[in-house]
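Geometric and topological summary
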Amino acid sequence: MNNNDFSEVLRDFINTLNLPLTCTLDYLSEKESLVIYPLPGGKIEKEYMNGKQDISLVYEVAIKTTDHQKTSSILWAINYALADFNLELPSQNNSYQFRSLEVSQPFLNDRDDQGFYVYMLDVTARLETNGGN
């Protein structure tokens with residue numbers, strides 16, 4: 001399975017939320033940014049005889065700004081949108097069937113010497129894939 005498809009779908013969904021920052025598939029830079037990237041820990045939960053697999057993928061949404069209030073409001077907006085039980089994040093290339101998302105509470109990770117706050121939010125996606133077929 002191409003995990004990139006789900007990463008792009010997740011990024012595109014976050015960018016529909018009319019946030020003051022655009023989310024990119026990247027890691028945090030020296031300046032203000034909103035990013036999403038995969039974390040280690042994704043795994044195959046179940047494998048079926050027909051080759052399909054239930055998998056879980058772990059992502060982190062991270063934001064870096066000097067405005068504590070802006071940072072908090074952006075991540076809570078993302079948390080609220082992703083925690084919606086009716087959320088659908090369909091594959092763009094039929095590489096997976098979306099099952100569910102588990103979303104953590106936003107948490108402060110760092111405040112650096114330039115005055116930037118770094119907040120994070122962990123997301124675990126549960127998907128069914130064709131097992132590479």
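See the structure above.
The notes below deal with the structure included here. Quantities reported herein were computed from a predicted structural model and do not represent experimental measurements.

Another aspect to go through is the pattern of salt bridges. This model, assessed by the stated rule, comprises six salt bridges. A salt bridge links D112 to K64, with the nearest nitrogen and oxygen atoms 3.9 Å apart. With a gap of 48 residues between them, D112 in the loop between β5 (107–111) and β6 (117–129) and K64 in strand β3 (residues 53–65) connect regions that are remote in the sequence. Taking the relative accessible area as the measure of exposure, D112 reaches 18% and is therefore buried. As a salt-bridge pair, E102 and R126 come within 3.8 Å of each other at their nearest N and O atoms. Highlighted residues: E102 in strand β4 (residues 96–103) and R126 in strand β6, separated in sequence by 24 residues. Residues joined in a network through salt bridges with shared partners are K52, R99 and E128.

Next up on the list: the pairing of β5. Across four bridges, β5 lies against β6 in antiparallel orientation. Each bridged residue has a counterpart across the sheet, and for F107 the counterpart in β6 is M120. From the end of β5 to the start of β6, which pair antiparallel, there are five residues, and G115 there has a positive phi angle of about 85°.

Ranked by size, the top nonpolar core spans 31 residues in total, and within it F6, L34, I78 and L101 carry the most contacts. Residue assignment for this core shows that the elements contributing at least two residues are α1 (3–14), β2 (33–47), β3, α2 (68–82), β4 and β6. Sorting elements by how many residues they give to this core places β6 first, with six residues. Counting residues in each nonpolar core, the second largest holds five residues, with Y37, A62, V118 and M120 among its members.

Calculation criteria
- Residues numbered from 1 in each chain as written.
- Predicted model: local features only at pLDDT ≥ 70, side-chain atom pairs only at ≥ 80, totals over all residues.
- Heavy atoms only, no water.
- Salt bridge = Lys/Arg side-chain N within 4 Å of Asp/Glu carboxyl O.
- Helix = DSSP H or I, 4+ residues; strand = E, 2+ residues; numbered from the N terminus.
- Buried < 20%, exposed > 50% of the residue type's maximum accessible area, 1.4 Å probe, protein only.
- Pairing = 2+ DSSP bridges.
- Core = buried A, V, L, I, M, F, W, Y, C linked by side-chain atoms within 4.5 Å.

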